[in-house]
Amino acid sequence: MPKGIGGRRDEGVRSDCYIAVEPGDSGGIDIAMKSKVEAMYGASIIDIVKRGLELYGIENAAVEVEDQGALPFTIMARLETAVKRLNPSETREFLPEMQPECLYGTERGRMRRSRLYLPGNETRFMINAGLHGPDGVILDLEDSVHPSEKDAARILVRNALRQIDFFGAERMVRINQGELAFRDLESIVPHNVHIVLIPKCETGDQVRAIDEKIQAIRKEHRIENEVFLMPIVESSLGAINAYDIASASPNNVALTIGLEDYTADIGTRRTPEGRESFWARTAVVNAARGAGLQPIDTVFSDVSDTEGLRKSVLEAKSLGFDGKGCIHPRQIKIIHEAFAPEEAEVERARRIVLAFEEAEKKGLGVVSLGSKMIDPPVVKRALHTVDMAVATGVLNADWRDSE
Amino acid sequence: MKREYELVENAAGRQVPTVVNGKKQVPYKGVGKHRPEGNKAAPPIASSADYPADGNKVVKDLRAALEAAGLRDGMTISTHHHLRNGDFIANAIFDIAAEMGVKDLMWFPSASFPCQAQNIAHMDNGVIHHIEGSMNGPLGRYCSEGKMRGMGVLRSHGGRYQAVQDGEVHIDIAVIAAPTADPFGNANALTGPSACGLLGFALADSQYADKVIVVTDNLIPFPCIPWQIQGNYVDYVVEVDRIGDPAKIVSGTTQITRSPDRQLIAELTARFVRDAGIMKEGFSFQAGAGGTALAFAIYLKEMMKEAGVKARFVRGGSTQYLVEMLEEGLTEYILDGQTFDLEGVRSMGENPGHVWTSPFTSYNYNGKGFFGTMLDAVVLGATEVDVNFNANVVTHSDGLLLHGIGGWQNCLFSKCTILPIPAFRDRIPVLVDEVTTLVGPGELIDVIITERGIAINPARQDLLDAIKGSDLPIRSIQDLKADVEKIVGGPPARPSLGEKVVAAIKWVDGTVIDSVRQVA
């Protein structure tokens, strides 16, 4: 009889479990379990396995469980993976309950200073991610997941979306390319995904194809919330077509760049000065602004170099970017600090916003500060600065009252 | 076999044995409720007429010293753990005892380490009857499984001093591994290939044992300065090639935690100490060498610099991070119980502000005060904390005995005891309804800091008031526990444990606060 296997049992596995299901013709369900939490949660693990097998109508099977302290939704995902590897045509889902903390929404224009990448096939990095206060978390199905585990990660990420409280962080998923992308979308879109990141985007058609698929899933599942898009430019062609990509869908909210792949594509590698990617980065900034999206910079990958990160964020800010990717939670605070507007900048923005509101109240078409006339784009920029200042704690939310 | 003990309920509601290894016990009565009576223990009076006038007490080898000290069946042999996981001497003693055909010894270490797991064989073959002392790793597991003939007794560092001083434990022979010593027996740990900083854990042993043997791999001519152990207590001196493996005694560098969640907990802890007004000019604190405690010290240091605040003293275990604080003038003194890395050893040797202490000065409860009560804040760990703030440091939630108490119980007497702990580890909740083993009473534990929020003991209204207006996530401990249970899938089932008591947990005053059952 063939065996279906989900999860890993090699050295160093934590918060995860290995489940092997070997169906038989008779004898009922026989579960052999080893768990480091057996004394505390042995009964719970057996209950989950039995419920899962019942859902899939498996009445006779030898099941092997090796558990390193996996949370219930991880055990459920590994069991579903094992069953679906036995029977690839199985479509039923072994879903954990949707938690009320997972139902919050997002807004098109919200701040996206930091977005934390989380490997899609590892629960242990996801569970506390929101506690570190990123603007967004990215459950990654693409580069951080081994090709042989794409199916498992898709199920685990879906369960994580239903169970983990990300404490207000925007809920993003980076899908795979090509045919896998559609299977990823089918699995994750019905579970309150805020943004889908489209990797290695080279044309507007790619964006439209993803968008159409999402709309079809939304219709089928009667999903009311919008699902926004953030295409990632990671090649020379993508950089050249940046505006085509950025303007391809009304659901695009941000455009970002991935420099590891981009520099490889143009036949060089990343340097600390970043001259090799200067053109592509400014192309992304201009395409994004031109299409009314937020331009978001690449990740900073040296986790131990906090000063390098700070400099890199300040540079990104000066180029016109609104956000930065990160791969470690301790990078978040530094990114937010570096994106926070400086005092003089806030002071000037505050006065412009007050003058603007005053002019609105009086029904004046022209905003003036002292003897100077303020152009609409300057007002817009000032409003943005004040929002950023409030969000980063540089300015109190009730700053108008203390005037 | 008839049990020698009955179980009675103590003031904390825990079942504890009335007799432990033949000695009658006093059940725990509550914090500050027990008053010992009588006089302290004392070793026999010696005459200098029986010791060489030239001061040379060196004998051929450790076996000769043990024979001269009268090693025989049933004796209590003590060792210290300043050499930590690099110690060679505790193993050597029991190998020699086995060669000599001696049986039924009680080993009384200040703590045992995984490098001493070979003594399991000496328990199996009858050389060692049982261990009274903190048991880490494999020795703890052996005891947990009910394989030890006698009952394990776990004491804090201060409790060990107290037990010796009060005569609860009589040491027949103390063997003190010393990184540097002279032929008279004066010894210190500041220099030599096995330098470990200080020898405070061996102080009681030197003062109260019938016979004292100093073993060194760095014998220097008299006088050995400073004498952290005084030669006037010492009977025999032995020179050996190596007392330990330097690489495992102290670490070259101490690692702070890389876990982002632990860093978050450490940062919250430092912010709490600052925002509650504890961090003020002339304050004091103690933080251990665990990854989270080290990260806490680093965050606090930055906040102290920012606020221009200096500490009067900091209590070690010291590491390079405390040494940096001392050298940058952020604290006037380090009062140190053990040095964890080479920087700690160097600083203690060089800097008059880096002072070696002992369990007598820092931790002994049955005395005329101790330093622990004067600390403004301590930062400690725990394996479990319950909704009444009671904490466990010795067993895991499955009932296995895997850790010692160390100075943990003694530190609870600080003005603000803070436990920064993850709310759960993998699927194992740290916040529970009732601790598996009670080691620290909740009335002494003030603040629990987790990645999901901070719980302040409701008995500490002063701290609740002090922290008002701070943006720290203050929550009730019940709320935090409910969060954890939602994530891990409900409260854990209680482990089913055997009837047999395998270890007694002592409180700092010598009473018995809880017992550990055999794992099924």
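Residues numbered from 1 in each chain as written. Chains lettered and ligands numbered in written order. Predicted model: local features only at pLDDT ≥ 70, side-chain atom pairs only at ≥ 80, totals over all residues.

1. With respect to the overall build of chain A
Then, in step 1: Secondary structure summary: chain A contains 14 helices and 14 strands in total.
Then, in step 2: Buried residues in chain A amount to 46% of all 403 residues.
Then, in step 3: A separation of at least 24 residues holds for 71% of the contacts in chain A among residues at least 6 apart in sequence. (Helix = DSSP H or I, 4+ residues; strand = E, 2+ residues; numbered from the N terminus. Buried ≥ 20, exposed ≤ 12 C-beta atoms within 10 Å, placed from the backbone. Contact = placed C-beta atoms within 7 Å.)

2. A few points about the overall build of chain B
Then, in step 1: Each helix and strand counted, chain B has 15 helices and 29 strands in total.
Then, in step 2: Expected size for 520 residues packed as a compact globule is a radius of gyration near 24 Å; at 23 Å, chain B falls within 12% of this value.
Then, in step 3: Dimensions of chain B, computed from the C-alpha atoms along their principal axes, are close to 70 × 60 × 40 Å.
Then, in step 4: A total of 520 residues make up chain B; the buried ones form 58% of that total.
Then, in step 5: Expressed as a percentage of contacts within chain B between residues at least 6 apart in sequence, the contacts between residues at least 24 apart total 72%. (Rg over C-alpha atoms; globule rule 2.2 N^0.38 Å.)

3. A closer look at the sheet that holds strand β29 (residues 512–519) of chain B
Residue and element names in this part refer to chain B.
Then, in step 1: Ordered in space as β9-β28-β29, the three strands form an open sheet in which the pairing is mixed. Sheet topology places β9 (152–154) and β29 at the edges, where each strand pairs with a single neighbour. Taken over all neighbouring pairs, the strand axes of this sheet differ in orientation by 40° on average, direction set aside.
Then, in step 2: Here six bridges tie strand β28 (residues 497–506) to β29, and the two strands are oriented antiparallel to one another. Its bridge partner being in β29, I505 is matched across the sheet by D514. (Pairing = 2+ DSSP bridges. Axes fitted to C-alpha atoms, helices over the stretch in contact; angles between N-to-C directions.)

4. Side note on the interface of chain A and chain B
Then, in step 1: Facing the 19 residues of chain A at the interface are 18 residues of chain B.
Then, in step 2: Looking at which element gives the most residues to the side of chain A that touches chain B, the answer is helix α1 (residues 38–55) of chain A, with five residues.
Then, in step 3: In the side of chain A that touches chain B, the residues fall into ten nonpolar, seven polar and two charged. (Nonpolar A, V, L, I, M, F, W, Y, C, P; charged D, E, K, R; others polar.)

5. Considering the nonpolar core
Then, in step 1: Within the largest apolar cluster, 279 residues are counted, with the highest numbers of intra-cluster contacts made by I176 and I213 of chain B.
Then, in step 2: Element by element, the count of residues in this core is highest for helix α2 (residues 72–86) of chain A, at eight residues.
Then, in step 3: Leaving out residues up to four positions away in the same chain, I213 of chain B has contacts with A65, A69, I173, A174, V175, I176, D235, Y236 and V238 of chain B. (Core = buried A, V, L, I, M, F, W, Y, C linked by C-beta atoms within 7 Å.)

6. Quick look at the sheet that holds strand β25 (residues 431–432) of chain B
All names here are of chain B.
Then, in step 1: Spatially, β21-β20-β25 is the arrangement adopted by the three strands of the open sheet, whose pairing is mixed. Looking at strand neighbours, the two that pair on one side only are β21 (391–392) and β25, the edges of this open sheet.
Then, in step 2: Strand direction decides the pairing type here: strand β20 (residues 384–386) and β25, joined by two bridges, are parallel. From the neighbouring strand, D386 faces β25, where its bridge partner is V432.

7. Observations concerning the domain arrangement of chain A
Then, in step 1: In terms of domains, chain A is made up of domain 1 (4–86), domain 2 (100–339) and domain 3 (343–391).
Then, in step 2: Computed over C-alpha atoms, the centres of domain 2 of chain A and domain 3 of chain A are 31 Å apart. (Domains from an automatic or database assignment.)

8. Description of helix α14 (residues 376–391) of chain A
Residues and elements named next belong to chain A.
Then, in step 1: When the terminal C-alpha atoms of α14 are compared, their 23 Å separation across 16 residues agrees well with the 22 Å that a helix rising 1.5 Å per residue should span.
Then, in step 2: Among all positions in α14, only A382, T385, V386, M388 and A389 are buried. The arc enclosing the buried residues of α14, seen along the axis, measures out at 160°, which places them on a common side. Set apart from the buried face of α14 by more than 90 degrees, the exposed residues are P376, P377 and K380.
Then, in step 3: For α14, the secondary structure elements touched by its buried residues are α12 (330–339) and α13 (343–362). (Expected span 1.5 Å × (residues − 1). Arc of directions from axis to C-beta.)

9. Considerations on the environment of G291 of chain B
Residues and elements named next belong to chain B.
Then, in step 1: Relative to the helices and strands, G291 is located in helix α9 (residues 291–307).
Then, in step 2: The partly exposed category is assigned to G291, around which 18 C-beta atoms lie within 10 Å.
Then, in step 3: Along the chain, G291 and R258 lie 33 residues apart, while their C-alpha atoms are 8.2 Å from each other.
Then, in step 4: Excluding its chain neighbours within four sequence positions, the residues that come into contact with G291 are Q255, I256, T257 and R262.

10. Some words on the packing of α13 of chain A against α14 of chain A
Residue and element names in this part refer to chain A.
Then, in step 1: It is at 8 Å that the axes of α13 and α14 come closest, and there the two elements cross at 120°. With respect to their mutual orientation, α13 and α14 come out oblique. Of the two possible hands of crossing, α13 and α14 adopt the one that is left-handed. Judged by residue contacts, E345, V346, A349, R350, I352, V353 and F356 of α13 engage V378, V379, A382, L383, T385, V386 and A389 from α14.
Then, in step 2: Within the contact of α13 with α14, the residues separate by chemical class into eleven nonpolar, one polar and two charged. (Parallel < 35°, antiparallel > 145°, perpendicular 65-115°, else oblique. Left-handed = near helix turned anticlockwise from the far one by under 90°.)

11. A look at the environment of G308 of chain A
All names here are of chain A.
Then, in step 1: In this structure, G308 sits in helix α11 (residues 306–319).
Then, in step 2: Look at G308 and you get partly exposed, because 13 C-beta atoms sit within 10 Å.
Then, in step 3: Residues G308 and M230, 78 residues apart in the sequence, show an inter-C-alpha distance of 26 Å.

12. So, the packing of helix α10 (residues 320–327) of chain B against helix α11 (residues 342–350) of chain B
Then, in step 1: Where α10 of chain B meets α11 of chain B, the axes come as close as 8 Å, and the angle between the chain directions of the two elements is 35°. Listed contacts from α11 of chain B to Q320, V323 and L326 of chain B of α10 of chain B are E343, G344 and S347 of chain B.

13. What to know about the environment of A377 of chain B
Residue and element names in this part refer to chain B.
Then, in step 1: Structurally, A377 is set in strand β19 (residues 377–379).
Then, in step 2: Given 25 C-beta atoms within a 10 Å radius, A377 is considered buried.
Then, in step 3: For A377 and K415, which are 38 residues apart along the polypeptide, the C-alpha to C-alpha distance reads 5.9 Å.
Then, in step 4: Setting aside residues up to four positions removed in sequence, A377 forms contacts with V273, I278, F285, S414, K415, C416 and I418.

14. Concerning the domain arrangement of chain B
All names here are of chain B.
Then, in step 1: Its domain assignment divides chain B into domain 1 (31–249) and domain 2 (260–491).
Then, in step 2: With centres defined by C-alpha atoms, the gap from domain 1 to domain 2 works out at 30 Å.
Then, in step 3: Between domain 1 and domain 2, the contact holds 34 residues from the first and 33 residues from the second.
Then, in step 4: Counting residues per element, the side of domain 1 that touches domain 2 draws most heavily on helix α5 (residues 157–165), which supplies seven residues.

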